[in-house]
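Coordinate analysis (summary)
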Amino acid sequence: MAIRKNVIFVGLMLGMLVAAGSQTIVSPAMPVIVAELGGIEFYSWVLTAVMLTSAVIVPIVGKLSDIYGRREFFIGGLVIFMLGSALAGAAQGFWWLVAARVVQGVGMGAIIPLSQAIIGDIISPQERGKYMGYMGGVFGLASIAGPLAGGWIAESFSWRWLFYVNLPIGVVALIFIFAFFKLPHTRTERSIDYAGFVTLGVSLTLILLATSWGGVQFPWASWQIFGLYGVGAIMLGLFIWSESRAEEPVIPLELWKSPVFTLSNLSNLFVSMGMFGAILYLPLYAQGVIGLGIAESGLILIPLTVSMIVVSTVVGRLITRTGKYKAFTLAGTAVMAFGYFLLSQLGYGSTRGDLITASVVVGLGLGAVLQTYILIVQNSTTREMLGVSTAVVQFSRSAGATLGAAIFGAIITAGMAREVPDSVGGEGASGIAALLDPTAFQGLSPSAAEALSRGLADAMHPVFVAGIPIIAVAFVLTLFIEERPLKTTAFVDEDEEEGDEGAGSEDREGDRSKVLFAGAALNTLASRIETANGDAPKLILAASSLVPDAALSERERANRAAKNVIRPMAVRMFLAGSRSDRS
């Protein structure tokens, strides 16, 4: 079956572009959105709802796609995402918008991991490196284009078009998938682990909520956060217990027995923590310490993202060319750690160039590892486990982002409470508010503004220092990942080869049967000639013509033909058929 892989890849990337872009395109317009719809005290829910929902959906959809096939779930995820986009664009209230973002999150939870799993189906690991590099480029493009497009759309049209713009792109992606993606899938009857789906979904929801809310909605030591973590841990324990007994577990525990799988996911978790530590707080540093405006501070991430896109593409092609990946992951984590070291050297008085240089180094390292861990896991798994394995890698990235945001957020909150009040003569609350409000900051006296900037620089220093050991852990874990040769055949091509071998086997079986049948027929013919008693004159005449000896009678020539010509031919036929059977 000829699959137009590049065309399918374009459709998958369009789907991923709208899904990944929806996480960043909304950010610039949030002040306008909450001004119209209200809900300023629940501001973060517009972003948290989609991230949380997609993180919970990812492993569930990954497992179901292994059972029922990926095409239908990818199409369904894209349709659900478009429905959520339409609902979000039409929102008449804040909680309507949050609910629509939940719907979007369900679609995203199917689109992103299944795009990667489908690539795992149709592209061999040897080739997949360059495709994963392109995929990293799509994520990077979404990171750059999302905020820029979001600001322009919100100013030129309406914030509602931030969501409506997903619809035409989604339709084009659907056309590509419907027209060209016909991946064969043999559905097998398997039991559904409903208990696993429920316990996993509830445990992930509670744990991620606690991590997102800690230090923001509620103090870390509050009963709400302890309660969420406690119940989440109990549900996680029930999930593990359920999986050990399930006939068809959601996430087979045997996956974690593979050192390659476990170490790759843990490395991916720590890299993601470091990635979001940089992405979330570099604009704040640019604005509050270096003194850039809002627009300029938003653009400060472009050099990081561009360097990440370039390296992701180049490394992907090098992996395809060399068949090696471990050296790139080790180099990537080492460079990323060096980038954090450069960030930790920043302070009051550092220039925009210093910040850009450090962020570019972080991006160079990030580009080498962002998609590589997915390739490592997919190369070590089976076709039956491809969907759930890919989904777990995607979840480890989402979990790392959530943990990174929580850890770095707690560090900077503590740092600002410690450093900023001292810098503004004890007026900590007003000082923090001024840092986050450009208008208020510009109204401060030069001495107060300098004190605030120095305080923020001192508060953010521990954030960048904390990133170094986090990335170092990723380096050490990667060091122990076994490098396996990249497979040169895609799963879908293996299916076709098996089909061809099966057809060839059937052909050979048919040929063998024909040879044996012909041998049996010749043996029967020889016996008939030898026992003929005047009742088959034409048969005797035909057989006698095989022995041109005028000294013998017609009957004698026929008998000799049966014995010396026809019967030996039958024996050779039987021998040929027997050899074919043994082969």
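Residues numbered from 1 in each chain as written. Predicted model: local features only at pLDDT ≥ 70, side-chain atom pairs only at ≥ 80, totals over all residues. Heavy atoms only, no water.

1. Observations concerning the packing of aromatic side chains
In this description, a pair of aromatic rings is defined by centroid distance and the angle of the planes. Stated formally: Only the six-membered ring of Trp is used, alongside the rings of Phe and Tyr, when aromatic pairs are assigned; centres must lie within 6.5 Å, and planes under 30 degrees apart are stacked while those over 60 apart are edge-to-face, with the rest tilted. Note on exposure labels: buried denotes an accessible area under 20% of the residue type's maximum, exposed denotes more than 50%, and partly exposed covers the range between, all computed with a 1.4 Å probe on protein chains only. Secondary structure counts use DSSP, requiring at least four H or I residues in a row for a helix and at least two E residues in a row for a strand, with both numbered from the N terminus.
Using the criterion set out here, one finds 6 aromatic pairs in the structure. For the ring pair Trp159 and Phe163, a centre distance of 6.3 Å and an interplane angle of 90° mean the geometry is edge-to-face. Owing to a relative accessible area of 3%, Trp159 belongs among the buried residues under this scheme. Taking relative accessible area as the criterion, Phe163 reaches 1% and is therefore assigned buried. A ring pair is formed by Phe338 and Phe341, whose centres lie 6.2 Å apart and whose planes are at 25°; its orientation type is stacked. Linking Phe338 with Phe341, this pair stays in helix α14 (residues 326-344), spanning 3 residues, or about one helical turn. Under the relative-accessibility criterion, Phe338 is labelled partly exposed at 45%.

2. Thoughts on the side chain of Ser307
Formally: In protein, a polar contact means a hydrogen-donor-capable atom and an acceptor-capable atom, both N or O and within 3.5 Å, with residues adjacent in sequence counting only if both atoms are side-chain atoms; elsewhere, any N or O pair within 3.5 Å suffices. We call two residues in contact when some of their heavy atoms are within 4.5 Å.
With respect to the helices and strands, the residue Ser307 is situated in helix α13 (residues 302-322). Reaching out from Ser307, the side chain makes a polar contact with the backbone oxygen of Leu304 at a distance of 2.8 Å. Sequence-distant contacts of Ser307, defined by excluding residues within four places in its chain, comprise Val360, Gly363 and Leu364.

3. Digging into the packing of helix α6 (residues 125-156) against α13
What counts, and what does not: Axis angles are defined between N-to-C directions and span 0 to 180 degrees, where every axis is a line fitted to C-alpha atoms and, for a helix, only to the segment in contact. Small angles under 35 degrees read as roughly parallel and large ones over 145 as roughly antiparallel, with 65 to 115 read as roughly perpendicular and the rest as oblique.
Two elements in contact, α6 and α13, have axes separated by 6 Å at closest approach and are oriented at 170°. On the basis of the axis angle, α6 is roughly antiparallel to α13.

4. Side note on the environment of Ala358
Turning to its location among the elements, Ala358 is positioned in helix α15 (residues 352-369). Residues Ala358 and Ser344, spaced 14 residues apart in sequence, show a C-alpha to C-alpha distance of 9.2 Å. Beyond its immediate sequence surroundings of up to four residues, Ala358 is in contact with Gly339, Leu342 and Leu343.

5. Some thoughts on α14
Applicable threshold: Helix span is expected to be 1.5 Å times the residue number reduced by one.
With 19 residues, α14 should cover 27 Å at 1.5 Å per step; its first-to-last C-alpha distance of 27 Å lies within 8% of that length. Taken together, the buried positions of α14 are occupied by Lys326, Phe328, Thr329, Leu330, Gly332, Thr333, Met336, Ala337, Gly339, Tyr340, Leu343 and Ser344.

6. Some details on the confidence of the model for the protein
Let me state the cut-off plainly: A score between 0 and 100, pLDDT records how confident the predictor is in each residue.
On average, residues of the protein score 79 in pLDDT, and 80% of them are at 70 or above. In the predicted structure, residues 425-429 sits below a pLDDT of 50 and forms 4 contacts with residues beyond four places in sequence or in another chain. Contacts for the low-pLDDT stretch residues 498-504, under 50 throughout, to residues beyond four places or in other chains number 1 contact.

7. Topic: α6
Because each turn of an α-helix spans 3.6 residues, side chains separated by three or four positions in sequence point in the same direction. So the rule is basically this: What the bend at a residue measures is the angle between two axes, fitted to the seven residues ending there and to the seven starting there.
Taking 1.5 Å of rise per residue, the 32 residues of α6 would be expected to cover 46 Å, and the 44 Å separating its terminal C-alpha atoms lies within 8% of that figure. At Ala145, α6 shows its maximal bend, which comes to roughly 30°, and the proline Pro147 appears one to four places after that position.

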